[in-house]
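In case you want the letters, here they are:
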Amino acid sequence: MGDLFLGFDSSTQSLTATMIDFSERKVIYQNSIGFDEAFKAKYGVTNGVLPNKNPLIVHAPPLMWAEALDKMFATMKAHGIDFSRIKAISGSGQQHGSVYLNEKFHSYLEKMKDSDSIVANAENIFTRKTSPIWMDTSTEKECEEIRRSLGGMQTTVEITGSDAFARFTGPQIRKFFKEERVAYEETAIIHLVSSFLSSILAGVSSPIDRGDGAGMNLMDIKSGKWSKKAFEATAENLSSKMPDVKPCDTIVGDINPYFAKKYGFISDTKCVIWSGDNPNSLIGVGLIREGQAAFSLGTSDVYYAYMKDPKFSDKGEGHVFGAPTGDYMTLLVYLNGSLSREKVRNAYGLSWDEFSNILAKTEPGNGGRIMLPYFSPEITPVITRPKVMRYGFGEKDVEANVRGIIEAQMLSSRLHSEWMGVETNTIYATGGASKNREILHVMSNVHNARVYTFAVSNSASLGAALRAAEAYYKQSRPLSWESVIDGFVHIDMKNVIQPDAKAVKVYDAMLSQYAEKEKAFLASN
Ligand code: ADP
Ligand code: XUL
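Keep in mind that what you see is a predicted model, and the values were worked out from it rather than measured. (Residues numbered from 1 in each chain as written. Chains lettered and ligands numbered in written order. Predicted model: local features only at pLDDT ≥ 70, side-chain atom pairs only at ≥ 80, totals over all residues. Heavy atoms only, no water.)

A. The arrangement of the site of ligand 2 in detail. The local shell around ligand 2 consists of Q94, Q95, H96, W134, R167, D277, N278 and L331. One nitrogen or oxygen atom from the side chain of H96 is found 2.7 Å from an oxygen atom belonging to ligand 2. In the model, an oxygen atom of ligand 2 is placed 3.1 Å from a nitrogen or oxygen of the N278 side chain. Taken by itself ligand 2 offers 290 Å² of open surface, and the protein chains cover 93% of this. Classifying every residue of the shell around ligand 2 by side-chain character gives two nonpolar, four polar and two charged. (Near = heavy atom within 4 Å. Polar contact = N/O pair within 3.5 Å; in protein donor to acceptor, adjacent residues only side chain to side chain. Areas by Shrake-Rupley, 256 points an atom, 1.4 Å probe, with all protein chains shown as cover. Nonpolar A, V, L, I, M, F, W, Y, C, P; charged D, E, K, R; others polar.)

Below, the structure written as structure tokens:
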């Protein structure tokens, strides 16, 4: 029996906990609480978010996230978990979301230590009742204002690691500052989802982690410190409201006595700063070297990679975030991953097996036919007036549409990740659609990379547990990241997909044609 570490992942729809036995190299407990199932009646959420008349506005109730934490501990206790063996805890939050608090937040945390309820004394701590989250797209105007005041898209990217994006925290803060000035002025602290929950767990207002802080358009990506220029471009007096930004191995403090007493933790259980879900997943899937990327094929598709030094897209594509290793990571987010694949599958009434069979029997390159798959608004590239373009085929050609959508998604990810300048020879595929091997063959051939799949899910909470272990041991005997992840990341070595040289050549040639079609479409749209 070795030291135990606990990692949380507070995502859009659920809270997940992963507990590991570090010396045994084993995940020994995993559980999820769905926000709708547990809190719909109390907080009125659907799919974890609050209904809004304006489809651009997507908010969630911050106290629900804190309550979920308490509920998870209670569930774990009911499952017989011995909390006294846990050495350190960390967590992961959905990125970009922000929590607005007044001075009373400090006394709330203080009073919590002797309270038996996490919601007691919390009614008056929020200056913005609900939290804008990453799905909110209502701040295009503020993005433009911030971008302009920072000197344009290129300088915004070079300072903050990303162009101004509607879901990023800076534009969200600016909107609040403009529209609710009094409430903004009453705000003493602005937390991210990650640092808010980190504060609840440690019982003190937590710093913001450098990895997650990079998703705000407020941090200087190269120095890992707040950018004065970005603060000025965003809102007045912002520096007085922001917690410090700190490295990913920061120990925020010992566990809040509230949790120690209620659940039986030892009093010096360490709370390691929480990070965003993407930096945590980087560790959870074991991306600690250059040349490796992960492609998560979920509702949205996310392509991300480890990066030694920050490089930037001159078109403002993707993002550069801080990696838990102290280096960088890069990320491309497609709003429509499985959403688009399902549109095609459903249009022809296919099962996933039938969809795969079509991919298996059709030729790489689709006979020169190309699709631009803009069924809905997209962020990579930015599409606000969606339209599906089919070159050389029509809507009725089932086979060309099936191959067309997958090739389009994979070509797009290669095209829009070229700026990362990382020669990718290995891709780790995760998410629901990664069980479709025919899709992975296209991925492998388009990217000319070996594609591996995983046995383990919940990479963000696993990554958080591994970060907790790394920071804990660093206090006495630092461990290399190789030895931290060793044995936890279970790659399915029997089912590696190797690129096929002939198909790779076809896609190498097709990439520039795809790029031309996309460019022409964007120019005319
Ligand atoms: P989320 O991003 O919501 O967590 P998941 O990673 O669980 O989503 O992926 C769910 C999606 O996986 C489903 O919406 C479905 O479209 C897709 N999926 C499931 N099985 C297959 C399959 N065999 N082939 C392609 N896609 C699949
Ligand atoms: C990343 C992003 C999402 C959220 C989801 O930029 O917006 O991946 O972190 O939780």
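So that's the structure; there's more coming.
B. Region of the structure containing the packing of aromatic side chains. Enumeration according to the criterion identifies 31 aromatic pairs in this entry. Where F73 meets F83, the ring centres are 5.8 Å apart and the plane angle is 75°; that geometry is what we call edge-to-face. Of this pair, F73 sits in helix 2 (residues 62-78) while F83 sits in the loop between helix 2 and strand 5 (86-93), placing them ten residues apart in sequence. A relative accessible area of 0% places F73 in the buried class. The exposure class assigned to F83 is buried, which follows from its relative accessible area of 1%. Both rings, one in Y258 and one in F259, keep their centres 4.9 Å apart while their planes meet at 85°; by these two values the pair is edge-to-face. (Phe/Tyr/Trp six-rings, centres within 6.5 Å; stacked < 30°, edge-to-face > 60°. Helix = DSSP H or I, 4+ residues; strand = E, 2+ residues; numbered from the N terminus. Buried < 20%, exposed > 50% of the residue type's maximum accessible area, 1.4 Å probe, protein only.)

C. Representation of the pairing of strand 6 (residues 98-101) within the structure. Here strand 6 shows two buried faces, one formed by S98 and Y100 and the other by V99 and L101. Across four bridges, the pairing between strand 6 and strand 8 (residues 189-192) is antiparallel. Bridge pairing in strand 8 places S98 opposite L192. (Pairing = 2+ DSSP bridges.)

D. Up close: the site of ligand 1. Residues in contact with ligand 1, as listed here, are G298, T299, S338, E342, W352, G431, G432, A433, K435, N436 and I439. Between ligand 1 and the protein, one listed contact pairs an oxygen atom with a side-chain N or O atom of T299 at 2.6 Å. E342 has a polar side-chain atom sitting 2.4 Å from an oxygen atom of ligand 1. For ligand 1, whose accessible area on its own is 580 Å², the fraction buried by protein is 63%. Looking at the shell around ligand 1 residue by residue, the classes come out as three nonpolar, six polar and two charged.

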